[in-house]
Amino acid sequence: MNAKRSTLLTILAWLTFYATAGHGMIDGTLEKSSIYPGTVHTFQVYVPDQYDGKRPAALYVGLDGVLCNAPEVMDSLIAAGKMPCTIGVFLQPGVIKDVEGTVLRYNRCYEFDSTTGLFARFLETEVLPAVEQMTTERGKPIRLSRRPQDRMIFGLSSGGIAAFNAAWHRPDLFGKVFTGVGTFVAMRGGNDLQALVRKTEPLPLRVFIQDGSNDAWNPLFGHWYEGNQMLASALQFAGYDVECDWSDGGHNVKRSTEIFPQVMEWMWRDWPAAPAVGETQNDFLQALYTDEDKGWEKVGNGTDGKPVTRIIYADLTTIAIVPTTPGNTVWQYLLQDGQPTCGEPFYWLHNDDSRALNIQSITFDGNGNLWAVTNLGIQVCDQNGRVRAILRLPQGIDTVNEIKITEGYVWLHTPTADWRRRLNVIAPILGQRPESQGQG
């Protein structure tokens, strides 16, 4: 075969590939983000032939664009009835360029590796609404299902931790997560996720984790393979529907691509059923649950008031005080003649980012545990100041003036609504010292 013919065949092969890869794909650009100011995000939207525009489709979000031959795999599985009619959104991370096109900032690490819920909010309020304003080539409106069991998100490397965090913070947005060679290491707090998973009450999520023993893009940040295994162990401990693929692979997309069809079948195996909430092995959490627990119930229209940031121990020997300076601790003081003394930053609370933790309100229960309402949830510390459990706040609630505990109930008073939850708790009795938990 002569060189000219070989070159021609190569060009034809590439043209065929792009024609196939572009089938059903719509290009989009997102500018003027209020969440990531100045950034430009490009994305592609895959629409399967089966989509009729009349019924909302399931959703697949792929980060860093098209990976793992996702459109072709989805075409095959949808045609075979092994997954529902699904629209794919393939998103690139943001960049900021000057007028000449020079990149001034790559936003990928900030967007993807941050462990807050900001990226999930970006998807919810900016990306997906932009997608739903589009139409297909045949003029069909794009409609996406709102049910989390109909929504999956995938990412590789930093995209892997971004995918997990999006579902972790917003299980109402995504019920299925596939993370490949995820960066659950010390870049922006990803190494702490396994601890949060162990302490937080489990969520209705299905998670697949892939990594290889030769994954070490940059050992400066930690042991990548070990980080993925620790997160997997934490998810199993917390009762999640989790599956893993461990190999000798490195930090690349090769293995995720190989197993992608099987992962997709596993994810959608019992659709349209929602992922079940598993049973955690966290004994502290288990002891809080009762058969009568129905989650948070709205019981009032809201209560104004000054946040409760200091609370006296039941036997009047100590007092817990939220400091006025930002931090992630609640101070404990001894009370002598009614005055606080011998103060220490005794109660240590978790945070999900380097920003200051917002400690809104505190209280004690009858067992001497401190309950602290934070932007991460309600963190429950034992008598020795260690967080043993984290409870989610009611959806959409971010300000709590007061948390109270009565016999069998935890109460939240917020400016917009009052809430209660049936849990195995006891109220503190004034003048009575709770039974000691020892030094642990």
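Everything numeric in this text was worked out from a predicted model, so none of it was measured. Each chain carries its own residue numbering, running from 1 in the written order of its sequence. With pLDDT at 70 or above as the cut-off, local features in this predicted model cover only qualifying residues; side-chain atom pairs require 80 or more to be listed or tallied, and sums for whole chains, interfaces and linings still use all residues. Just so you know, side-chain values use all the structure's heavy atoms and leave hydrogens and water out.

Thoughts on the overall build of the protein
In terms of helices and strands, the protein carries nine helices and 22 strands. Computation of the radius of gyration draws on C-alpha atoms, with the globule rule given as 2.2 Å multiplied by the number of residues to the power 0.38. Over its C-alpha trace the protein gives a radius of gyration of 25 Å, about what one expects of a compact globule, namely 22 Å for 440 residues. The C-alpha extent of the protein, read off along each of the three principal axes, is 95 × 50 × 45 Å. Within the protein, buried positions represent 49% of all 440 residues. Side chains of the protein carry 38 positive and 48 negative charges; the gap between the two charge centres is 5 Å. Each helix corresponds to a stretch of at least 4 residues labelled H or I by DSSP, and each strand to a stretch of at least 2 residues labelled E; elements are numbered beginning at the N terminus. Think of it in three bands: residues with accessible area under 20% of the maximum for their type are buried, residues over 50% are exposed, and the middle band is partly exposed, with areas taken using a 1.4 Å probe on protein chains only. A residue counts as positive if it is Lys or Arg and as negative if it is Asp or Glu; His and the chain ends are not included. Charge positions come from single atoms, namely NZ of Lys, CZ of Arg, CG of Asp or CD of Glu.

Side note on the side chain of His41
With respect to the helices and strands, His41 occurs in strand 2 (residues 41–46). Whenever two N or O atoms come within 3.5 Å, that pair is a polar contact, provided that in protein one can donate a hydrogen and the other can accept it, and provided that, for residues adjacent in sequence, both atoms are side-chain atoms. Within the local environment of His41, its side chain forms a polar contact with the side chain of Glu111, the two groups lying 2.9 Å apart. Here, two residues are considered to be in contact whenever any of their heavy atoms come within 4.5 Å of each other. Those residues within four positions of His41 in sequence are excluded, and the remaining contacts are Gly28, Thr29, Leu30, Tyr36, Leu91, Gln92, Pro93, Gly94, Glu111 and Phe122.

Side note on the pairing of strand 14 (residues 329–336)
Two strands are said to pair when DSSP picks up at least two bridges between them. In this structure, strand 13 (residues 318–321) lies alongside strand 14, joined through four bridges in antiparallel fashion. When the bridges of strand 14 are listed, Ile319 appears paired with Tyr333. Note: strand 14 against strand 15 (residues 339–348), six bridges, orientation antiparallel. Residue pairing in the sheet places Gln336 in a bridge with Gln339 of strand 15. Linking strand 14 back to strand 15 in an antiparallel pair, the connection comprises two residues, with Asp337 at a positive phi of about 55 degrees.

Notes on the packing of aromatic side chains
For Phe, Tyr and Trp, where Trp contributes only its six-membered ring, two rings pair if their centres lie within 6.5 Å, and the inter-plane angle classes them as stacked under 30 degrees, edge-to-face over 60, or tilted in between. Applying the stated criterion across every chain yields a total of 21 aromatic pairs. When the ring of Trp331 is compared with that of Tyr333, the centres are 6.0 Å apart and the planes differ by 25 degrees; the resulting orientation is stacked. Grouping aromatic residues by their ring pairs yields a cluster made of Tyr60, Phe90, Phe154, Phe178, Phe208, Phe260 and Trp266. Our definition puts a charge over a ring when NZ of Lys or CZ of Arg is within 6 Å of the ring centre and also within 35 degrees of the ring normal. In this structure, Arg198 packs its charged tip against the face of Phe237, placed 4.9 Å from the ring centre. For Arg206, the ring lying beneath its charged end belongs to Trp266, and the centroid distance is 5.8 Å.

Some details on the sheet that holds strand 13
On the basis of which strands lie adjacent, the open sheet formed by four strands has the order 12-13-14-15 and antiparallel pairing. Both outer strands of the open sheet, strand 12 (310–312) and strand 15, are each paired with one neighbouring strand and no more. Across this sheet, the average inter-strand angle for adjacent strands is 25 degrees, counted without regard to direction. Summarising the sheet, strand 12 and strand 13 pair through three bridges and their orientation is antiparallel. Across the sheet, Ile312 pairs through a bridge with Ile319, a residue of strand 13. Comment: axis = line fitted to C-alpha atoms, over the contacting stretch for helices; angle = value between 0 and 180 degrees taken between N-to-C directions.

Remarks on the pattern of salt bridges
For salt bridges, the criterion is a side-chain nitrogen of Lys or Arg within 4 Å of an Asp or Glu carboxyl oxygen. Tallied over the entire structure, the rule returns 20 salt bridges. Of the charged contacts, one joins Arg421 and Glu201 as a salt bridge, the two residues approaching to 2.9 Å between their closest N and O atoms. A residue pair is termed long-range when its members are at least 10 positions apart, and Arg421 in strand 22 (residues 418–422) and Glu201 in the loop between helix 6 (193–199) and strand 9 (206–214) qualify at 220 residues. Looking at Glu201, the relative accessible area reads 9%, which means it is buried. For Asp382, the salt bridge goes to Arg386, with nearest N and O atoms at 3.0 Å. Taking the relative accessible area as the measure of exposure, Arg386 reaches 36% and is therefore partly exposed. Because the salt bridges share partners, they merge into one network encompassing Arg206, Asp241, Arg269 and Asp270.

Quick notes on helix 4 (residues 118–132)
Quick reminder: α-helices carry 3.6 residues per turn. Residues three or four places apart thus point the same way. Taking 1.5 Å of rise per residue, 15 residues should cover 21 Å, and helix 4 covers 20 Å from first to last C-alpha, within 8% of that figure. Taken together, the buried positions of helix 4 are occupied by Phe119, Ala120, Phe122, Leu123, Glu126, Val127, Leu128, Ala130 and Val131. A helix is expected to span 1.5 Å multiplied by its residue count minus one.

Quick word on the side chain of Asp113
You can see Asp113 is positioned in helix 3 (residues 108–113). In this structure Asp113 is buried but unpaired, with Arg188 as the nearest side chain of opposite charge at 5.6 Å. Side-chain polar atoms of Asp113 contact the side chain of Thr183, separated by 2.6 Å. Every residue in contact with Asp113, bar those within four places of it in the chain, is listed here: Arg108, Ser158, Ile161, Thr183, Met187 and Arg188.

Remarks on the confidence of the model for the protein
On a range of 0 to 100, pLDDT expresses the predictor's confidence in each residue. For the protein, the mean per-residue pLDDT works out to 93, and 95% of the residues sit at or above 70. A low-confidence stretch, residues 1–22 stays under pLDDT 50, and its non-local contacts, those more than four residues away or across chains, total four contacts.

Some words on the environment of Pro415
Looking at the element boundaries, Pro415 is found in the loop between strand 21 (409–413) and strand 22. The class for Pro415 is partly exposed, based on a relative accessible area of 37%. For the pair Pro415 and Ile397, spaced 18 residues apart in the sequence, the C-alpha separation amounts to 9.6 Å. With sequence-adjacent residues up to four places away left out, Pro415 is seen in contact with Asn301, Gly302, Thr303, Asp304, Thr399 and Asn401.

With respect to the sheet that holds strand 7 (residues 151–156)
Here eight strands make up an open sheet; going across it, the order is 1-2-4-3-7-8-9-10 and the pairing mixed. What marks the edges here is a single partner per strand, and that holds for strand 1 (25–30) and strand 10 (241–250). Neighbour to neighbour, the strand axes of the sheet diverge by 15 degrees on average, direction disregarded. Taken together, the six bridges between strand 3 (residues 58–63) and strand 4 (residues 86–91) define a ladder with parallel strand orientation. Within strand 4, the position partnered with Leu59 by the bridge is Ile87. Contacts from helix 4 reach strand 1, strand 2, strand 3, strand 4 and strand 7, with the element oriented near 115 degrees to strand 4.

Quick look at the environment of Val47
Residue position: Val47 is located in the loop between strand 2 and strand 3. Between the alpha carbons of Val47 and Thr135 there is a distance of 9.9 Å; along the sequence they are 88 residues apart. With residues up to four places along the chain from it excluded, the contact list for Val47 reads Gly24, Ile26, Thr136 and Ile142.

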